Each structure stands twice: as C-alpha cells, then as structure tokens.
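Coordinate analysis (summary)
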Amino acid sequence: MRTQPLPTAAGLVAALVLALPAGAQQPAPLRGFPTDQLETQARREAQLRAVPSADSMRTLMRLLTEEPHEAGTDRSRRVAEAILQRFRSYGLDARIERFEALMPRPVSRSLELLAPTRYTAVLKEPAIAEDKDSGDAEQLPTYNAYSADGDVTAPLVYANFGLPDDYRVLDSLGIDVRGKIVIVRYGGSWRGIKPKLAHEHGAVGTIIFSDPRDDGYWHDDVYPAGPMRPEHGVQRGSVMDMPTYPGDPLSPGWSSVAGSRRLAREEAATLVRIPVLPISYADALPLMRALGGPVAPESWRGALPITYHIGGDTTARVRLALRFDWQTRPLYNVVARIPGSTWPEQMVVYGNHHDAWVNGAEDPISGMVTVMEAGRALGALLRTGWRPQRTIVLAGWDGEEWGLLGSTEWVEHHGEALRRGGVLYLNSDTYGRGWLSVSGSHSLERFMEEVARDIRDPESGASALEVLHRRERERRERERRERQRRAGPAAAPDTTGSDSTRAKPVEFRIGALGAGSDYTAFLDWTNIPTIHANHGGGLRDGIYHSIYDSFDHYTRFNDTTFAYGVAQAQAGATTVLRMADATVLPFEFGSVARTYREYVDEIAKEAASNDSTKALDLAPVRTSLDRLDAAATRLEAAMARVRATPSAMLRRHRARVTEINRALYGSEQALGDTAGLPRRPWFRHLIYAPGLYTGYGVKTMPGIREAVEQRNLAEARAQAARVAAAIDRLTARVESAERGLVAIVE
C-alpha cells in the first residue's frame, strides 16, 4: 500500500481552503460558524489534526492488546486504568465509572457426534508460532455469552443461516426442527437471531459454525499465511436478544450499580432459552458430513469439501452439553471530560469500547486508540489556552461485546442529563484501511459531508469525500455493465453510465443505524443525535472474535503503517471540535425529509404487494414530510444569513442563540416516544431501530414497516399516525430555530 507523508500544520490549513478565483483564498465555509470565525477555526483544526501519530497509535495498540481483557475481569480493569492514565497525561479530567451486569462464563462445554459415526469436537483454538499473543494464558473459551445451560441429545438439522427465509425453505421440504438441534452458518444476520428463531421453531439447541466460504480459505490464505480464519478458528459472541433491549439483562431501563434492583433471571426477556455453541469449520465438518436427507439448495452450500445435506431424519445425532457460572460482574467505563466554557450543560460525547473477547487488536482496540489520539490532540489544544464552548466527553466503554453493557448502563444512569444537553454522540468501534463510512442521524448528513471534505485519504491524498464519490461512480458503472450483460448483445446500449452521466456530481449520503455498537442507547433510548463513523472495507479477514485478532495480525494485514488510524483520529477529533465550538449547531433537515420520503416509498410498495395491507394510507406521513421540507428550506435561508452575521452580534444574542441550539439538538428527541415500539418499549426512536429478526440491521420507521411485514393493517395505521405526529414535532423544532435566527438577523 502506498501512503502519503503526514501533512504539516500549514498543509492542513491549505486543505481547508476552497478553490476560489485567483487572488481570493478564504477558508472553506463551515456549517455553524460565522464567516469571521473561519480563519481562527481553520488554524485550530490544523493544530488539532497535526497531533495524531502513527507511532503513538502503534504503541497504544501494543500496550492495550498485550493480554486478553474480556469484560468482568481484572484484566479489563487494567486496560481501563491504562486508558485512564493516558487521558490524565493529556491534561484531561478523567475517572472510571463502575457499573455491574450479569455476565455468565462457561464452566463446561462438550459437543459429540453420536451417530452414524462418533466424533468429539475439539472446541479449542490452537496457538500459532508466528503470533505470540495467540498462546496467551487466560484466553476466554470459545462460547456464546447468554446461551442457556443444557444437556440435550437430538437429531441434527442444517438450516443454512438460520433466518426466517431458511425456515420457510425447511417448511416447504416438510422438515420439522421441533425436538432437534439446528446447525447453522455464521452470517446473513446477527448471531443472536439464530438461536432465537431456532427456539421459536421448537429446536432444543443451536450450533453455529464459521463456514470457509464466508470468512475462510474460499477468499484468501488462512492465518498466518493470509488474513482469513484458520480451520480451528471460532467466532465467540453474545446471543443476547438485543433487538428487545441491550445492556444488563436484569436491569432494562435503569442503571445497574451496586445494590440496585434486579430482575430474576427467568424474568429477563433477552436471555436465550436453549443452549448455543459456536464451533470452527474443522469441528463442523464431521457433523455436516454425517447429515443425510435432501441435498441443500445451491445458496445454502458453503465451501466445506462435502455435499451439503439438510438432514431432517434421525441419521445424524449429536449431544450438546453446556453449563455456565451466572454471576454479576463489574464494568469499568473510562470517562474523560473537558468542561464547556459557554454552554457547559451541552455535551458532545465520543466513545469506543475497550473490552474484547480475547486480545482484540482490530475489535475494539483499533478504534479505542484513535479516540485516545483525539484526546491527545484536544489536550494539546487545551495547552494553547483554548476551551470548548460545549462540554466534550471522551469514553472507553466496557462490556460492549456482551451486549453493549457499559455504554447502556452509563446512558441509563445519565439519561436525564443527556436528554437535557446531549448534542452529539460519536461512535467508532473499529477502523481499518479503506474508506470513510458514516451512518446516523440524517440531520447531520451535510455536517459530516464537510468533515469528509476536509479529511485526507492516506493512500491517494484525495479527500475522504472524493474517495466516496469515486467509489459511487464506480458502483454505478458496474451496475450499468451488469445490466448490459444481462440484457444481451442485441439490447439497445445502456447509456445511464455514460461519460456525461458519470461526470455529474455524486451525492454524499449517510446510512441509517440499527444496533450492534455503543451508539444504540444514545440514539434509541435517549434519542440524541448520533453518528457512527469509521474507515474500513479495504481488507476482508477472518479473525473476528477469535484469538487471532491480535497485534501481529493487524499490523501484518490491516493498517500496517497506521496511516488510516491517523485519518480516523483526525476525522473524530474534527467532528468533536466542530460540534463543540459551532456558534449555531450545524443541523440540516432537507436531507431528513428526502431520506424519510424514501422510507415511506419503500413501505408503501411493500404494503401494496399484499391484500392485507394494501389499504394502508401513508398520506398523513407524506403531508408531515412536506411541512418539514418547507420548514427546512426556510431554516437554511436563515442559516445563510447568520453565516454572514458578525460573531460579536451573535454573542450579544447569546440567550436567543442558546434557545435556537436547544431546538436544533433537541430535534432528534422529537422523533422519540416514551411508549416505545410495539413489543419492545425500551426502543423509543420511531424512525430507526434494529429489526426484530435482523439483529444489527436497521428497520427504518420500524413500527410501520414491521406491522406491514406482519400484515397487520390496524397496527400499521396506528404506527403511521405516531410517525406523522413525530415528524410534526420535529417540524415545530425546526420552525422554532428558524424564527429565532430571523429575529437575530432582522
């Protein structure tokens, strides 16, 4: 990989300059900043982005991955204390906030094939001589957290990825999984959905294996020769039912601290009811080879050297026996705070988890060290005399791997303060070489476009935004060629990807957030504006949640020079600085209206496709979006006038600016409802949520969408009314901000 030298501070200032006519060079406009503040902000950002260092991040990663450090252990506490010491050395006020959660650990695990032949699964990842960390003591065994205890013997059935469509295929073949153990592949959805569905269909146990077609030798050489999962590699992971609620299973909606009330274990709705075990493809091969019954459909076939059969008869029988130690264990969240000088009650929070299933170089320490480097950069700014206008909070969460434990308990503990003053939660989780990916609140789409514009891609030297535009044009061209190929040589030429079309500007769009990382409680429970942003996509590897997610693997195959780590830290620090210091918060709502219309169109198309819901009328939601769009246009006009207003005048109107900003950052809360979503009241956001059966995957306008999928017209109508009312509440906030801005400039 070719990398560019790190830019100097002067070069970073130059990167902020727009291409203007000859003789006129000014800093690029920034949402939220009056024109007369741009030069000061450009200098400050140049100082900030000059600090992150590849050598520093390499040192930090080596330090934090030196030993396994899963949550609930003294080793996790030691990692938290190392992060705490670093934050304090940067001049930040930092402390550890301790919480607790139910975290079961395995006492015994066994898996045996009893017929037609006998095999005892190894259930162990071997050390690799080329990777010193793979032989560390105290590695957590291979298991799925929150599996039920159990000792079951039953026939084996293969169910592909174990998702709803897979069970429909089994039904069409007359194969019943009741009373059987289901074996499924990792992939297709979050792992916790697999035992949930198996239990709902009557299975008594679930085995999840990593097929080499998904993350093994099918794609590249296996570790240590290449980046993919070796034959005995296993993906650990939680199977908590997070689409119901994340966090401590025994304290939904309130924080779990010493002495707090807890549900009984049998009352916890997120605990799996059957035993679940992850295994390697080496252990899966004898089980899959033993299956009889129908040959699996082509899309179900992986890369094991066998013919894939489904089973369904009594030919293959297995015994699965698991026992766990169900204890409440400690969580150590590291929290650093830089008090705001103007609006100290308003908070910009930037977090990443520090706990890992084993050593966790990629997941999560790669992301954690970039947050720490952002903290070091902010500490350097503090030494120049700068103070942020809003309070900045940097966090290292514990227990994310188990079910977003540390962040959820922290949010539930500080929920009222976040609802009063939560301006932004920024999350990263991991990063790698590749491009910048952004998802989150669509009111921040234009803001994040400016961040992408001002961050350099280490390999090409272009901006992160230019890289995304190039990738989008390449995607369109691939699609055009594929359409042409399918149409055949006799078809008329497809000109949708012609040079003139490709030359047109490409829009920057961000994705919607479901669940699966520490942003969940911020967005879905407190409903504060949220962004998840990280670099990646340039490497496909197979070491996820295994002992091979190590410093050696990361530095050999992923961000070998930490150049993308520098870009990631710069992007995070820039995002935090701009949001903390913007005079008028940089929200924009035209993108919201446009994106939500797309969601409505998708739902309307689905509703019209079946007789049960074709009568669904989404006109009230569309009307609410029209009002929002009109209000967004007026707000943008007022924002343009404010950008030309002297900052001294805005300071004289501080009380009014404060109310305008409250309306803006409170906009996301307008989309929430304390009654929550049907059958899962913890999730309060009416636009974004994980799907009940998609796990991490988002369902937009989930109340309406899932009612349509369930063909429940009455519920879909009720949920559409709630969404329309939420959009109207949002519009009222936008209109309030616009009136305030107009009052200042007139």
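Located above this text is the structure these notes cover.
So, about the overall build of the chain. A count of helical and extended segments in the chain gives 25 helices and 18 strands. For the chain, the C-alpha radius of gyration of 26 Å lies close to 27 Å, the compact-globule estimate for 746 residues. Its C-alpha atoms put the chain at 85 × 65 × 60 Å along the principal axes. When burial is assessed residue by residue, the chain has 62% of its 746 residues classed as buried. Sequence-distant contacts, at least 24 apart, represent 80% of the contacts inside the chain between residues at least 6 apart. Working note: accessible area of the chain is about 27000 Å², and carbon and sulfur atoms make up 50% of it. Charge-centre separation for the chain: the mean point of 92 positive side chains lies 3 Å from the mean point of 94 negative side chains.

Taken in spatial order, the seven strands make up an open sheet running β3-β2-β10-β5-β6-β7-β9, and their pairing is mixed. If you trace the sheet from one side to the other, it starts and ends with β3 (119–120) and β9 (276–279), each paired once. As judged from the six bridges shared by strand β5 (residues 150–158) and strand β10 (residues 317–325), these two strands associate in the antiparallel manner. Bridged to alanine 154 within β10 is valine 318.

Turning next to the sheet that holds strand β14 (residues 422–427). Pairing between sheet strands relies on hydrogen bonds along the backbone, with the strands arranged either parallel or antiparallel. The strand order β1-β11-β13-β12-β14-β16-β15 describes an open sheet built from seven strands, whose pairing is mixed. A strand with exactly one partner marks an edge of an open sheet, and here the two such strands are β1 (93–102) and β15 (434–440). Neighbour-to-neighbour, the strand axes of this sheet turn through a mean angle of 20°, independent of strand direction. As paired strands, β1 and strand β11 (residues 328–338) are joined by ten bridges and run antiparallel to one another. For alanine 94, the partnering residue across the bridge sits in β11 and is alanine 336. Taken strand by strand, helix α18 (residues 563–581) contacts β12 (343–353), β13 (390–397), β14, β15 and β16 (530–537), and its axis lies near 160° from that of β12.

The next thing to look at is the pattern of salt bridges. It is possible for side chains bearing opposite charge to pair when their charged atoms get close. All chains considered together, the criterion is met by 57 salt bridges. Glutamate 636 is the salt-bridge partner of arginine 31, the closest N and O atoms lying 2.7 Å from each other. Linking arginine 31 in the loop between α1 (9–15) and α2 (38–49) with glutamate 636 in helix α20 (residues 619–643), this pair joins segments that are 605 residues apart in sequence. Classification of arginine 31 by relative accessible area gives buried; the value is 10%. For glutamate 636, a relative accessible area of 23% gives the class partly exposed. Because the salt bridges share partners, they merge into one network encompassing Glu445, Arg446, Glu449, Glu507, Arg509, Arg594 and Glu598.

The next subject is the packing of aromatic side chains. Enumeration according to the criterion identifies 23 aromatic pairs in this entry. Aromatic pair phenylalanine 87 and tyrosine 90: ring centres 6.4 Å apart, planes at 80°, arrangement edge-to-face. For the residue pair phenylalanine 87 and tyrosine 90, the accessibility class agrees, reading buried in each case. Summarising the aromatic geometry, the rings of tyrosine 158 and tryptophan 300 are spaced 5.8 Å apart at their centres and angled 85° between planes, so their arrangement reads as edge-to-face. With tyrosine 158 in strand β5 and tryptophan 300 in the loop between α8 (281–290) and β10, this residue pair connects regions lying 142 residues apart in the sequence. An identical accessibility class is assigned to tyrosine 158 and tryptophan 300; each is buried. Here a set of aromatic residues connected by ring pairs shows up, and it is made of Tyr143, Tyr146, Phe324, Trp326, Trp357 and Trp402. Stacked on the ring of phenylalanine 161, the Lys or Arg arginine 185 has its end atom at 4.2 Å from the ring centre.

By secondary structure assignment, the location of aspartate 549 is in the loop between β16 and α17 (551–557). The charged side chain of aspartate 549 is buried without a salt bridge, its nearest counter-charge being arginine 229 at 9.2 Å. A distance of 2.7 Å separates the side chain of aspartate 549 from the backbone nitrogen of glutamate 362, its partner in a polar contact. Among all residues touching aspartate 549, those that are not within four sequence positions of it are Asn359, Gly360, Ala361, Glu362, Asp363 and Ile543.

In this section: the nonpolar core. Taken as a class, soluble globular proteins show a tendency for nonpolar side chains to be buried jointly. With 220 residues, the main nonpolar core has Phe87, Phe589, Tyr596, Val621, Leu664 and Met701 as its most contacted residues. Ranked by residue count, the leading element in this core is helix α25 (residues 713–745), at 13 residues. Not counting residues within four places of it along the chain, the set of residues in contact with phenylalanine 87 comprises Leu92, Ala94, Val334, Ala336, Met368, Val371, Met372 and Leu394.

Another point: α18. Helix length check: α18, at 19 residues, gives a terminal C-alpha distance of 27 Å against a target of 27 Å (1.5 Å per residue), a fit within 8%. The buried count for α18 comes to 19 of 19 residues, which makes it a mostly enclosed element.

Right, let's get into unusual backbone geometry. Here the amide bond leading from tyrosine 223 into proline 224 is cis, since omega sits at 15°, within 30 degrees of zero. Considering the arrangement of structural elements, one finds proline 224 in the loop between α7 (212–215) and β8 (237–238). That bond from aspartate 363 to proline 364 is cis: its omega, 15°, falls within 30 degrees of zero. Looking at the element boundaries, proline 364 is found in helix α9 (residues 361–382). At asparagine 160, a position not held by glycine, the phi torsion is positive, near 55°.

Before going further, it helps to examine the side chain of aspartate 248. Relative to the assigned elements, aspartate 248 resides in the loop between β8 and β9. Residue aspartate 248 is classed as buried on the basis of its relative accessible area of 1%. A distance of 3.1 Å separates the side chain of aspartate 248 from the backbone nitrogen of leucine 102, its partner in a polar contact. Apart from the residues lying within four places of it in its own chain, the contact partners of aspartate 248 are Glu100, Ala101, Leu102, Ser256, Arg262, Leu405 and Glu409.

Over its 22 residues, α9 runs 30 Å from end to end, which matches the ideal 32 Å to within 8%, given 1.5 Å per residue. Within α9, 20 of the 22 residues are buried, leaving the element largely enclosed by the surrounding structure.

Counted residue by residue, β14 has six buried out of six residues, so it is predominantly covered. As defined by bridge partners, β12 adjoins β14 across five bridges and the pair is classed as parallel. Residue pairing across strands places methionine 347 opposite glycine 422, the latter belonging to β14. Taken together, the three bridges between β14 and β16 define a ladder with parallel strand orientation. Bridge pairing links leucine 426 to isoleucine 531 in β16.

Bringing the packing of helix α19 (residues 590–608) against α20 into the picture now. The description of two packed helices rests on the angle between their axes and on the distance between the axes. Orientation of α19 relative to α20, taken along the N-to-C sense of each, is 165°, at an axis distance of 8 Å. On the basis of the axis angle, α19 is roughly antiparallel to α20. Judged by the twist between their axes, the crossing of α19 over α20 is left-handed. Residues Gly590, Val592, Ala593, Tyr596, Arg597, Val600, Asp601 and Ala604 of α19 pack against Val621, Arg622, Leu625, Asp626, Leu628, Asp629 and Ala632 of α20. Its residues assigned to classes, the contact of α19 with α20 comprises nine nonpolar, one polar and five charged.

Now for the environment of leucine 304. Tracing the backbone through its elements, the reader meets leucine 304 in the loop between α8 and β10. Spatially, the C-alpha atom of leucine 304 lies 26 Å from that of threonine 694, the residues being 390 residues apart in sequence. Discounting residues that sit within four places of it in the chain, leucine 304 has contacts with Phe209, Asp211, Pro212, Tyr217, Tyr281, Leu285 and Met288.

Each value, and the rule that gives it
- Residues numbered from 1 in each chain as written.
- Predicted model: local features only at pLDDT ≥ 70, side-chain atom pairs only at ≥ 80, totals over all residues.
- Heavy atoms only, no water.
- Helix = DSSP H or I, 4+ residues; strand = E, 2+ residues; numbered from the N terminus.
- Rg over C-alpha atoms; globule rule 2.2 N^0.38 Å.
- Buried < 20%, exposed > 50% of the residue type's maximum accessible area, 1.4 Å probe, protein only.
- Contact = heavy atoms within 4.5 Å.
- Areas by Shrake-Rupley, 256 points an atom, 1.4 Å probe, with all protein chains shown as cover.
- Lys, Arg positive; Asp, Glu negative; His and termini not counted.
- Charge placed at Lys NZ, Arg CZ, Asp CG, Glu CD.
- Pairing = 2+ DSSP bridges.
- Axes fitted to C-alpha atoms, helices over the stretch in contact; angles between N-to-C directions.
- Salt bridge = Lys/Arg side-chain N within 4 Å of Asp/Glu carboxyl O.
- Phe/Tyr/Trp six-rings, centres within 6.5 Å; stacked < 30°, edge-to-face > 60°.
- Lys NZ or Arg CZ within 6 Å of the ring centre and 35° of its normal.
- Polar contact = N/O pair within 3.5 Å; in protein donor to acceptor, adjacent residues only side chain to side chain.
- Core = buried A, V, L, I, M, F, W, Y, C linked by side-chain atoms within 4.5 Å.
- Expected span 1.5 Å × (residues − 1).
- Parallel < 35°, antiparallel > 145°, perpendicular 65-115°, else oblique.
- Left-handed = near helix turned anticlockwise from the far one by under 90°.
- Nonpolar A, V, L, I, M, F, W, Y, C, P; charged D, E, K, R; others polar.

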